[in-house]
Amino acid sequence: MHRPTQRGRRGLQAGLVALVLATPLAFVGQAQAADTAGTPVSYATTCTPPASLGLSPIHGTTVSEITVSNTTPKVGDTVTVTYDVTTPAAGNPTAQALPANVVLPTGTVVLGGAQTGTVNVTGTRTNPPVAGNAPFPGFTMTGTFTVTAAGAITLSPSNYNINSNYIISIDIPCNLDTPPAGVSNTVTASPATAPNGRTATDNPSSGAPGAKTTVSGTGFTAGAAITVAGFKGTTATGDATTATADANGAFSAQLTVNDPATTGIIAFEGTAYDATKAAPPVTYTVVPVTPPGGASQKLNSSVKSGTLSMTQAGDTVTMTPVDFGTGGSSTGSLNAVTVKDYRGGASGWSLTGSNTAFVGPGGSTLPAGNLSWKPACSTTTGSPSTCAAGSAGAVGTAGATLASTPAAALTGGQFSATADLSLNVPAFTAPGDYSSTLTLTLA
């Protein structure tokens, strides 16, 4: 919450001279607590390299820990948060080695419990060298948040991003598969205490417009008239009431909060605000009311990307025999190859084949280039991409394309590729069985 400053003076209401809302002051010489480490948390994470690289998402497990500078702050204190990723889910996605000091991590920590929200954390480019396709080393990110509510505040690790600025700038966002992650650390905040010893609390600290909250205070001058008022930002609202401190300097008053923009409540002695006679502001949240007959809920879902893969219906093709002295074409059909492109990116793919020489009895051979094919390819209905069959012609050791799809804004789908095979056998080729290995490569 944005704390009001002594410079922002606004009129409060009829009968009040002025109201200035001030941030609470820290005690002089207040001891600073040592950093307190939390509990290591593991969570499934998917890291997605840029689509332009044509790389598949990286699925892994992140192990991290949240450390805080103070586990018992007061409302208004600033807490430093350290997000220490000991085991990142991603590694260097390319074969290109990364030199030292080119990787910058950033991320978020989620607050829960008495105070909700996120803390942005940032690291530094201080990585050791990272070999090609090697795991990223651990890294540390830090940030701060201001305590705005008393009670237990939980801290959980959330999404992070790995940026490399070597040659070109590349971002690899790493998102939790099933948020939220577990709680790694907890701070227990207490109400702020002004240097003058005055304190105030509100219960409840939220409600619909027009709801009442009980504001209680201690440390005030016995018998003093107390003003209790709402504020938004640095401006007072028209919501106010009065009370009288008892013999012990305590008071209790009910305040009706009507202004939907109210962010907090202030209590002070008299009708004009004086920081020396006021308690630190306390937070208050006005909860919007949905009119009868209508409500909405935001539904979040996700589609996870997969990989590029292929399978084949068999690994042996028996071709037709030819006669010695006559020769001709020995024919057959390539076992169907199923290509599944489930990456959901922008990259296309190419399926190529090459074969070795046909080896027969007694070392007899037929050149690899004697094998030719006539490719065919079909696309499963609904696939974003459409496959194209390669050109008919020789295969051989140089290889040829069986099927492919081009790059596009969105690619993917399921495809089936095959080919009619023909081996040219000279007329007086030595009788016997001849074999060759046809290798298919998907890239």
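What counts, and where the lines are drawn
Residues numbered from 1 in each chain as written. Predicted model: local features only at pLDDT ≥ 70, side-chain atom pairs only at ≥ 80, totals over all residues. Heavy atoms only, no water. Pairing = 2+ DSSP bridges. Helix = DSSP H or I, 4+ residues; strand = E, 2+ residues; numbered from the N terminus. Axes fitted to C-alpha atoms, helices over the stretch in contact; angles between N-to-C directions. Phe/Tyr/Trp six-rings, centres within 6.5 Å; stacked < 30°, edge-to-face > 60°. Polar contact = N/O pair within 3.5 Å; in protein donor to acceptor, adjacent residues only side chain to side chain. Core = buried A, V, L, I, M, F, W, Y, C linked by side-chain atoms within 4.5 Å. Buried < 20%, exposed > 50% of the residue type's maximum accessible area, 1.4 Å probe, protein only. Contact = heavy atoms within 4.5 Å. pLDDT = per-residue confidence, 0-100. Disulfide = S-S within 2.5 Å. Salt bridge = Lys/Arg side-chain N within 4 Å of Asp/Glu carboxyl O.

## A few points about the sheet that holds strand 15 (residues 211–218)
Here comes step 1: Pairing is antiparallel across the open sheet formed by three strands, whose spatial order is 13-15-18. The sheet is open, and its two borders are formed by strand 13 (199–203) and strand 18 (251–257), each paired with just one other strand. Geometrically, the sheet is characterised by an average inter-axis angle of 25° between neighbouring strands, direction not taken into account.
Here comes step 2: For strand 15 and strand 18, the ladder comprises seven bridges, and the chain directions are antiparallel. The residue of strand 18 that forms the bridge with Gly217 is Phe251.

## Let's talk about the packing of aromatic side chains
Here comes step 1: Applying the stated criterion across every chain, the model contains five aromatic pairs.
Here comes step 2: Relative to Phe428, the ring of Phe324 has its centre 5.5 Å away and its plane inclined at 80°; by these criteria the two rings are edge-to-face. Of the two residues, Phe324 sits in the loop between strand 22 (308–312) and strand 23 (328–333) while Phe428 sits in the loop between strand 32 (413–425) and strand 33 (438–442), which places them 104 residues apart along the sequence.

## Brief notes about the environment of Ser156
Here comes step 1: By secondary structure assignment, the location of Ser156 is in strand 10 (residues 151–164).
Here comes step 2: Spatially, the C-alpha atoms of Ser156 and Glu65 are 8.7 Å apart, while their sequence positions differ by 91 residues.
Here comes step 3: Looking at Ser156, its side chain comes within polar contact range of the main-chain oxygen of Gly182, at 3.3 Å.

## A look at the side chain of Thr199
Here comes step 1: Along the polypeptide, Thr199 turns up in strand 13.
Here comes step 2: Side-chain polar atoms of Thr199 contact the side chain of Thr218, separated by 2.7 Å.

## Focus: the nonpolar core
Grouped burial of nonpolar side chains is what soluble globular proteins tend to show.
Here comes step 1: Tyr83, Val109, Phe136, Phe145, Leu155, Tyr160 and Ile162 are the most contacted members of the largest nonpolar core, which totals 38 residues.
Here comes step 2: For Leu155, the contacting residues outside a window of four places in its chain are Ile66, Val68, Val81, Val109, Val110, Leu111, Phe145, Val183, Ser184, Asn185, Thr186 and Val187.
Here comes step 3: Within the second largest apolar cluster, 22 residues are counted, among which are Leu334, Leu371, Trp373 and Val425.

## Quick notes on the confidence of the model for the protein
Here comes step 1: Per-residue pLDDT for the protein has a mean of 87; in total, 92% of the residues score no lower than 70.
Here comes step 2: Contacts for the low-pLDDT stretch residues 1–33, under 50 throughout, to residues beyond four places or in other chains number 82 contacts.

## With respect to the state of the cysteines
Here comes step 1: Enumeration over the complete set of coordinates arrives at two disulfides.
Here comes step 2: One disulfide bridge connects Cys47 with Cys174, the sulfur atoms lying 2.1 Å from each other. Between Cys47 and Cys174, the S-S dihedral sits near 115°, and the bridge is therefore right-handed. Note that Cys47 is positioned in strand 4 (residues 41–47) and Cys174 in strand 11 (residues 170–176), a separation of 127 residues in sequence. The same class applies to Cys47 as to Cys174, namely buried.
Here comes step 3: Paired by a disulfide, Cys377 and Cys387 hold their sulfur atoms 2.0 Å apart. Here the S-S torsion is close to -120°, and the disulfide linking Cys377 with Cys387 is therefore left-handed.

## Details of the side chain of Ser64
Here comes step 1: With respect to the secondary-structure elements, Ser64 resides in strand 5 (residues 58–68).
Here comes step 2: A polar contact of 2.9 Å, which involves the side chain of Ser64, links it to the side chain of Tyr43.
Here comes step 3: For Ser64, the residues in contact, after removing those within four places along its chain, are Thr39, Pro40, Val41, Tyr43, Tyr83, Asp84, Val85, Thr86 and Pro157.

## Thoughts on the environment of Leu176
Here comes step 1: Residue placement: Leu176 occurs in strand 11.
Here comes step 2: Judged by relative accessible area, which is 10%, Leu176 ranks as buried.
Here comes step 3: In contact with Leu176, not counting residues within four places along its chain, are Tyr43, Ala44, Thr45, Pro157, Ser158, Asn159 and Ala181.

## Observations concerning the pattern of salt bridges
Here comes step 1: Summed over the entire model, instances satisfying the criterion amount to four salt bridges.
Here comes step 2: Across the pair Glu269 and Arg198 runs a salt bridge whose closest N-O atoms are separated by 2.8 Å. You can see Glu269 sitting in strand 19 (residues 264–269) and its partner Arg198 sitting in the loop between strand 12 (185–189) and strand 13, a full 71 residues away along the chain. Here the two residues Glu269 and Arg198 agree in accessibility, since each one is buried.
Here comes step 3: Arg343 is the partner of Asp341 in a salt bridge, and the nearest nitrogen-oxygen pair spans 2.9 Å. The residues Asp341 and Arg343 share a single accessibility class, namely buried.

## Considering unusual backbone geometry
Here comes step 1: The step from Pro179 to Pro180 runs through a cis peptide bond, and the omega angle for that step is 0°.
Here comes step 2: Its location among the elements puts Pro180 in the loop between strand 11 and strand 12.
Here comes step 3: Cis rather than trans, the peptide bond between Asn203 and Pro204 has omega equal to 0°.
Here comes step 4: Assignment of secondary structure puts Pro204 in the loop between strand 13 and strand 14 (206–207).
Here comes step 5: Here Ile167, not a glycine, exhibits a phi torsion of approximately 70°, which is positive.
Here comes step 6: Inspection of the secondary structure assignment puts Ile167 in the loop between strand 10 and strand 11.
Here comes step 7: The exposure class of Ile167 is exposed, given its relative accessible area of 66%.

## Describing the pairing of strand 9 (residues 139–146)
Here comes step 1: Only one face of strand 9 is covered, namely the one carrying Phe139, Met141, Gly143 and Phe145; the face carrying Thr140, Thr142, Thr144 and Thr146 has none of its residues buried.
Here comes step 2: For strand 6 (residues 78–87) and strand 9, the ladder comprises eight bridges, and the chain directions are antiparallel. Of the residues in strand 9, the one forming a bridge with Thr78 is Thr146.

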